[in-house]
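Take a look at the letters that make up each chain.
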Amino acid sequence: MRTIDINRLLELSRARLSNPTIARAISLQKRLRFHSEGNPFVFGVYADEAVSEYLDWVKMLLPLDKYNVFVQLFRTPVKSTALTAKIYRELALFFSSRNASETYQFSNPTYLGDWMEYKKRVLHEPDIWQTEGWEHYQLSPNSVLIVDLPQEQKTSLPEPYFYWLPINEVIDYETVDGTQMAWIAYRQEGGIVALIDDKSYRLYDMNGSEPKLIGEPREHGLGYCPARFFLKRSCKANEPCLKTNALVPVLADLDWYVFFSVSKRHLDTYAAYPIYSAYRADCDFENEETGEYCDGGFLRDSNGNYKMLADGTIEVCPKCGKRRLAGAGSFIEIPVPNQMEGVADLREPVAITQVDTKGLEYNVKECQRLEGSIFDDVVGSNIDEDVQSKEAINETQVASNFKSRSAVLSIIKTEFEGAERFVNDTICRLRYDAAFLSSSISLGTEFYLQTSQELYDKYSKAKNAGASTSELTAISTQIFEVEHGNNRDTLRRVMMLRQIEPYQHRTDNDIIQLNSSGLLDPRDVELKLNFDKYIDKFERENGNILNYKADLPMAKRIENIIEVITGYVKEALKDRPVVKPTTPPAKPNNNVE
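Fair warning: this is a prediction, and the values are worked out from it, not measured in the lab.

Attention now goes to the nonpolar core. By size, the foremost hydrophobic cluster in this structure holds 93 residues, and its most contacted members are Phe74, Leu91, Trp129, Phe162, Ile184 and Phe416. Tallying contributions element by element places helix α11 (residues 395-432) first for this core, with 11 residues. Phenylalanine 162 has contacts with Leu123, Glu125, Ile128, Trp129, Leu145, Ile146, Val147, Val423 and Ile427, leaving out every residue within four places of it along the chain. Grouped together as the second largest cluster of nonpolar side chains are 16 residues, Leu497, Tyr534, Leu546 and Val569 included.

Right, let's get into the confidence of the model for the protein chain. When pLDDT is averaged across the protein chain, the result is 82; 80% of the residues are at 70 or more. Low pLDDT (under 50) marks residues 323-332, which in the prediction has 27 contacts with non-local residues, meaning those over four places away or in another chain. pLDDT under 50 marks residues 382-393. Its contacts with residues more than four places away, or in other chains, come to 15 contacts.

The next thing to look at is the packing of aromatic side chains. One pass over the full model with this rule turns up 36 aromatic pairs. Between phenylalanine 95 and tryptophan 134, the aromatic rings sit 5.6 Å apart at their centres with planes inclined by 85°, giving edge-to-face as the arrangement. One end of the pair, phenylalanine 95, is in the loop between α5 (80-91) and β1 (101-106); the other, tryptophan 134, is in helix α7 (residues 127-139), with 39 residues separating them in the sequence. On the accessibility criterion, tryptophan 134 (8% relative accessible area) is buried. By the ring-pair criterion, three or more aromatic residues cluster together here, those being Tyr88, Phe94, Phe95, Trp129, Trp134, Tyr137, Phe162, Trp164, Phe230 and Phe416. The ring of phenylalanine 375 carries lysine 86 above its face, with NZ or CZ at 4.8 Å from the centroid. Just above the ring of tyrosine 118 sits the side chain of arginine 431; from NZ or CZ to the centre is 4.0 Å.

As a further point, take the pattern of salt bridges. In this structure the tally under the stated criterion is 19 salt bridges. Salt bridges linked by common partners bring Arg24, Lys236 and Glu239 together as one network.

So, about helix α12 (residues 452-464). It helps to recall that an α-helix has 3.6 residues per turn; residues three or four apart then point in one direction. With 13 residues, α12 extends 18 Å from end C-alpha to end C-alpha; this agrees with the ideal 18 Å at 1.5 Å per step. When α12 is considered as a whole, its buried residues turn out to be Leu455, Tyr459, Ala462 and Lys463. The arc that holds every buried residue of α12, seen down its axis, measures 95°, which confines them to one face. Exposed residues on α12 whose side chains face more than 90 degrees from its buried face are Lys461 and Asn464. Looking at the buried residues of α12, the elements they touch are α13 (469-484) and α15 (508-515). Looking at the residues trailing α12, positive phi occurs at glycine 466, about 85°.

A few words on the environment of threonine 426. Note that threonine 426 resides in helix α11. On the accessibility criterion, threonine 426 (0% relative accessible area) is buried. Taking the C-alpha atoms as reference, threonine 426 lies 7.8 Å from leucine 222; in sequence the two are 204 residues apart. When near neighbours in sequence (up to four residues on either side) are disregarded, threonine 426 contacts Val147, Leu222, Tyr224 and Pro226. Among the polar contacts listed, one links the side chain of threonine 426 to the backbone oxygen of phenylalanine 422, at a separation of 2.7 Å.

As a further point, take the packing of α13 against helix α14 (residues 488-500). One can describe the packing of α13 onto α14 by two numbers: an axis separation of 9 Å at closest approach and a directional angle of 155°. On the basis of their axis angle, the class for α13 and α14 is roughly antiparallel. Here α13 runs over α14; the crossing is right-handed. On the side of α13, the interface is formed by Thr473, Ser476, Thr477, Phe480, Glu481 and His484, while α14 contributes Arg488, Thr490, Leu491, Val494, Met495 and Arg498. Here the contact of α13 with α14 is composed, by residue class, of four nonpolar, five polar and three charged.

Rules used throughout
- Residues numbered from 1 in each chain as written.
- Predicted model: local features only at pLDDT ≥ 70, side-chain atom pairs only at ≥ 80, totals over all residues.
- Heavy atoms only, no water.
- Core = buried A, V, L, I, M, F, W, Y, C linked by side-chain atoms within 4.5 Å.
- Buried < 20%, exposed > 50% of the residue type's maximum accessible area, 1.4 Å probe, protein only.
- Helix = DSSP H or I, 4+ residues; strand = E, 2+ residues; numbered from the N terminus.
- Contact = heavy atoms within 4.5 Å.
- pLDDT = per-residue confidence, 0-100.
- Phe/Tyr/Trp six-rings, centres within 6.5 Å; stacked < 30°, edge-to-face > 60°.
- Lys NZ or Arg CZ within 6 Å of the ring centre and 35° of its normal.
- Salt bridge = Lys/Arg side-chain N within 4 Å of Asp/Glu carboxyl O.
- Expected span 1.5 Å × (residues − 1).
- Arc of directions from axis to C-beta.
- Polar contact = N/O pair within 3.5 Å; in protein donor to acceptor, adjacent residues only side chain to side chain.
- Axes fitted to C-alpha atoms, helices over the stretch in contact; angles between N-to-C directions.
- Parallel < 35°, antiparallel > 145°, perpendicular 65-115°, else oblique.
- Left-handed = near helix turned anticlockwise from the far one by under 90°.
- Nonpolar A, V, L, I, M, F, W, Y, C, P; charged D, E, K, R; others polar.

Pasting the structure below:
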């Protein structure tokens, strides 16, 4: 059994950040939060350290006057938070894969139902991975997953649970492979330290001169420590415990992105508040006691000589001699030309200095370049959205773009699969002991990389081009899966209704025009034009369509539903007079049936 000496643990618990990897992990996560925390109220918790470190870096780049202007314009949350939010929206697409699956094997089949109910009711899966888990991926990739047990068992089966432990609460640890913990010690409230290893859970009171064990050790019987780093991928091969997420490799570029964004904001102020300049009025400073007076911002003595200081410089006038960087809205006084000294009077007495257009254009272009480069580097897209929408882009380039994005999503989903499998397998072993055999968790391999709007545009183009019914059905299936992928019941309902509705790829206007020829079945026309009304009537009489004769195969269920609804349609049409066409039919939009 690998663990830590208890006296050594007492020493470490009273020190702060004795483990250098923990210190580096905390520093890394500060930088991630700086660029990812969009809520200004939450951001304030970390602002002191994160902002100070960033501004210290900026201070090394700029002269003091310009740095002061930068600080005045600097605000949180910084500009990069909008970009990272956009990036994370793209990366979160792996949660809605079309072929995700999971299976669990138990020697006692009754445990499967108990597990699926416990998993949803107590562990809040799978939602917790898409909410709390995704937040930890973004802001705290070095957090640790802990599977724990209540102090007392109050039910027939143990009720294990899990949580993410912030790395700053960890005192020390040792890993088996850089991810799986051999043991871990971390702080709790009131000077309590928890120690978990491959044998038991223990709590120690560290408030006295010696560690005091609280209660008895709780043996878990797993044979391994029920704790691991949330993520497996590391920043560097020689430091496997320093974990990384998709944003870490571009943190330096994000720093520059914020720098140029603030710099652009500085130049923007000149448009509304240009610099004004005019001839300087003579300074009237004169020291009556010493006879010193001002001459062009510097002092002369009563004899007309410049007043020299001990360091060899000329003393400036205390009234007008202070100089500073002229910013937006400044008013600058310029010495009046002296024709006696050969200085010609060639300028306007009052002038306005506008923004440096080239400087502004450079900052704008550099911000745009950095934004596009960062997005492409992280998301895997190498084709701009505007370019991608143009016809000039070929199918090979689009396919390459999707393949690149899929590769990035696959890396992230693999991280979540490993974390989820560790948590669920460990909880199942603690709850069901040897009755739990194995599990298989896959978040899928086919991702929805197009938005519903992009798919609607694709559908419209295909329909106008005369695509076949099967092609249009395939695209519409993608649309339904993207729009309703997170709600399986809604998706099932939409897919069922599609099999009932006639002429699903025709609009009502198309049907009216085609019906004027007298070639369409009146019953199909009636059902198409009043589809929602007939579905509502069916569900009033038979309940939710999803539950109708659920014990039958789907094909038989659809057949029975159509039979019932057809009866409604016949009833509605039996007393309705037949209207013969009187005008030639108009040409429909396309030839899809």
